[in-house]
Structures are given as C-alpha cells and as structure tokens.
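Observations on chain architecture
The primary structure of each chain is shown beneath.
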Amino acid sequence: MNNRIRLFLLNRIPKKLVSRLVGRFAESSLSKWLIPLYARHFQVDLQQAEKPIHEYRSLTEFFTRKLKPGCRPLASGNHVIISPVDGVISQFGTIEDGTLIQAKGVSYSLVQLIGNKEKASVFEGGLFLTIYLSPKDYHRIHTCLTGTITGYSYMPGTLFPVNPFGVRNVPGLFAKNERLTTYFETPYGEYAIVKVGATIVGSIKVVYDPDLTTNQPRGVMTQQKVTGPQLQKGEEMGLFRFGSTVILLFQPGMAVWEDLQEGQFVQMGQRIGFLQTDREFVR
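All values reported here derive from a predicted model rather than from experimental measurement. (Residues numbered from 1 in each chain as written. Predicted model: local features only at pLDDT ≥ 70, side-chain atom pairs only at ≥ 80, totals over all residues. Heavy atoms only, no water.)

1. Here we look at the confidence of the model for the protein
Summing up the model confidence of the protein, the mean pLDDT is 85 and the portion of residues at 70 or higher is 83%. At the level of individual helices and strands, the protein shows its lowest average pLDDT in strand E18 (residues 280–281), which scores 47, and its highest in strand E16 (residues 265–266), which scores 98. For the stretch residues 278–283, pLDDT sits under 50, and the model shows 10 contacts to residues farther than four places along the chain or on other chains. (pLDDT = per-residue confidence, 0-100. Helix = DSSP H or I, 4+ residues; strand = E, 2+ residues; numbered from the N terminus. Contact = heavy atoms within 4.5 Å.)

What follows is the structure, encoded as structure tokens:
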C-alpha cells in the first residue's frame, strides 16, 4: 500500500477507541483460541514462557506472560546498566538542544515527550536510548539500576503504531502517543524510563500505582511526585498490554553506552552500558 494512503488511513482511524475495543476483547476468554495462532504467526519462543500455552486464559494474559526463572540473568557488576526490556535498539545518542533522534532526519522535543521543562533540563546533555518491543517479545518492564522512584508523568495522546513505518513517517511520533514516564533517583544521578503507547496497546500498568491506567476515554495529563519505593536492579516495574517502545533518559555525566548498534536485539538483564564515577566508567 502506498505510504501516503497508509498515513491517511492512520490519521482517520479512531486509534484510541479501536485500541480499547481490541484490548477488551483480548482480555476476555473469547480471545483464548487466538493464542496458538498468535504464537505461531509471531514466532514466540514458548520454551521460555512461565506456563504451558494452554494454561493462559486470554490473549492479554499470554501477551503479558512471565518467563521461567533463570531465562533473563542480570549482567553482573555494580556499575553495569542493564536493558529494562526485550527489544530492538532503534536509536541512541546524546540529548542536544532539548531534542532526541526518532529516525534518520527526524527528531522530537524532550519537553513535549515528558511534559516537564524542569525535568527536561535535568537530562539536557545526557544520554537516551530507544528500544522497540515487537509483538513476539517479552513485555514486562524492569529497572536498569537500583533506585528510588521519585515521581511520574502521564501524557495522554494518540496511538500511532511505533513500528518502523510509523517511526519513519510520523514526525514527533513518541511525543504524540500516550506515554508514561517514571523517574528514579540513584547515588549516581537521575534516570527515567519512558513507556510509549501504540496502536492496539490496551494499557500500560506500573507496580507503584495500581490505579494508574493509560488509554482512558478522557485521559488528562498527570504529574505526580512519589516517595519511594526503592526497586532493585532488574526488578519488575510495569508492563505493556501489547507492544510498544521504551525510551531511557540519563543525566549528563552519569552513564556511557556499551558498544551498541541500531537494529541490535537486546534482552532484559543484558548489559547495555556503565555508570561513570569521577568521569571514568568502570567496566
């Protein structure tokens, strides 16, 4: 299909309504018969799933499945930064002049992404990393480092697809879609995990506020300071109900990336970088 036609249709379809309806169906027992078809089509590795495929009661339950113990060992080292999710690295680099790279020749505003000028100034000059989660991936979100949650911001928006087509063709995509940012304070500085919604994403859930649900008919921007809890490196902090994207933000001088590449697949717990101490990082 011609790209212009695809974009025209994307702009006309009521993406949030469709996503809510699909999400409700996927949570129902009626969706159970789709699980084997879904797993086969997207080539899901069933050997890693916590339970046999026939024990999942709905497509959403299968999609948000836990893994067998030991499937995602955490990289060792106190100064090691680990990937919070399974997915493909789409972009990474330095936050310059308040902008991040979305795709080649396409950038977007950090302030618009997180909706907070004060927080945006904290990360100016720091590092960012974008990871895309495909339908076959494990969709629970974990922490990169041990840290205390200090707040979050929820930005309602639309739900464009975050696949390669959407990223290349929708300017400012990540700052237009719904997103939920969680802020962490560590002894080495502050970092944030931005969870970006997408088409067919029923909702994003987090462990520190069970009442917080995205993709509501009348969602409003929410900025909330939180006192705790402290989460250990690799501890689960939320999940996607269907695929999306995670963007990591680090204060300047706090981190340095591993030898990463665009298009590289990473797993939760894998080493993706190092903390810096006195401007020198420890490998």
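2. Here's the deal with a nonpolar patch on the surface
On the surface, a nonpolar cluster with roughly 450 Å² of combined accessible area is contributed by Phe25, Leu30, Trp33 and Leu37. With relative accessibility at 59%, the residue Leu30 sits in the exposed group. (Patch = residues over 30% accessible without salt bridge, like charges linked within 9 Å, V, L, I, M, F, W, Y side chains within 5 Å. Areas by Shrake-Rupley, 256 points an atom, 1.4 Å probe, with all protein chains shown as cover. Salt bridge = Lys/Arg side-chain N within 4 Å of Asp/Glu carboxyl O. Buried < 20%, exposed > 50% of the residue type's maximum accessible area, 1.4 Å probe, protein only.)

3. Some details on the UniProt feature "active site" (unreviewed entry) in the protein
Residues given the UniProt feature "active site" (unreviewed entry) here are Asp86, His142 and Ser244. Tracing the backbone through its elements, the reader meets Asp86 in the loop between strand E1 (80–82) and strand E2 (87–94). Apart from residues lying up to four places away in sequence, Asp86 is in contact with Arg72, Leu133, Asp137, Tyr138, Phe265, Val266, Gln267 and Met268. For Asp86, the side chain forms a polar contact with the side chain of Arg72, separated by 2.6 Å. Assignment of secondary structure puts His142 in strand E6 (residues 140–142). Judged by relative accessible area, which is 7%, His142 ranks as buried. Once residues lying within four places of it in the same chain are set aside, the contact partners of His142 are Pro84, Ile193, Gly234, Glu235, Glu236, Met237 and Met268. In terms of polar contacts, His142 uses its side chain to reach the side chain of Tyr138, at 2.8 Å. (UniProt positions renumbered as here; feature names shortened; annotations may be inferred. Polar contact = N/O pair within 3.5 Å; in protein donor to acceptor, adjacent residues only side chain to side chain.)

4. Some points on the UniProt feature "modified residue: Pyruvic acid (Ser)" (unreviewed entry) in the protein
With numbering matched to this structure, UniProt assigns "modified residue: Pyruvic acid (Ser)" (unreviewed entry) to Ser244. Here Ser244 is to be found in the loop between strand E13 (236–240) and strand E14 (245–250).

5. A word on the pattern of salt bridges
Taken as a whole and assessed by the stated rule, the structure comprises 7 salt bridges. In this structure, the salt-bridge partner of Lys119 is Glu190, at a minimum N-O distance of 2.5 Å. In this pair, Lys119 sits in helix H6 (residues 117–123) while Glu190 sits in strand E9 (residues 189–196), placing the two residues 71 residues apart along the sequence. Taking the shortest distance from any N to any O, the salt bridge between Glu258 and Arg271 comes out at 2.8 Å. Pair noted here: Glu258 is in the loop between strand E15 (255–257) and E16 and Arg271 is in strand E17 (residues 271–277), with a separation of 13 residues, a long-range link. If you follow the salt bridges from partner to partner, you end up with Lys51, Arg57 and Glu61 in one network.

6. Thoughts on the packing of aromatic side chains
For any pair of aromatic rings, geometry is given as the distance between the ring centres together with the angle between the planes. Under the counting rule described, the total for this entry stands at 10 aromatic pairs. Ring centres 5.6 Å apart and planes at 75° place the aromatic pair Tyr108 and Phe174 in the edge-to-face group. Pair noted here: Tyr108 is in strand E4 (residues 106–109) and Phe174 is in helix H8 (residues 173–176), with a separation of 66 residues, a long-range link. By relative accessible area, Phe174 is classed as buried at 1%. Centre to centre, the rings of Phe123 and Tyr183 are 6.5 Å apart; their planes meet at 15°, and the pair counts as stacked. Note that Phe123 is positioned in helix H6 and Tyr183 in strand E8 (residues 179–186), a separation of 60 residues in sequence. Taking relative accessible area as the criterion, Phe123 reaches 0% and is therefore assigned buried. Residue classification places Tyr183 among the buried positions, given a relative accessible area of 2%. Grouped by ring-pair contacts, the aromatic residues Tyr38, Phe42, Tyr56, Phe62 and Phe63 constitute a single cluster. (Phe/Tyr/Trp six-rings, centres within 6.5 Å; stacked < 30°, edge-to-face > 60°.)

7. Description of the side chain of Lys233
Inspection of the secondary structure assignment puts Lys233 in the loop between strand E12 (230–231) and E13. At 3.0 Å, the side chain of Lys233 forms a polar contact with the backbone oxygen of Gly77. If sequence neighbours within four positions are ignored, Lys233 has contacts with Leu74, Gly77, Asn78, Val80, Ile82, Thr143, Cys144, Leu145 and Thr146.

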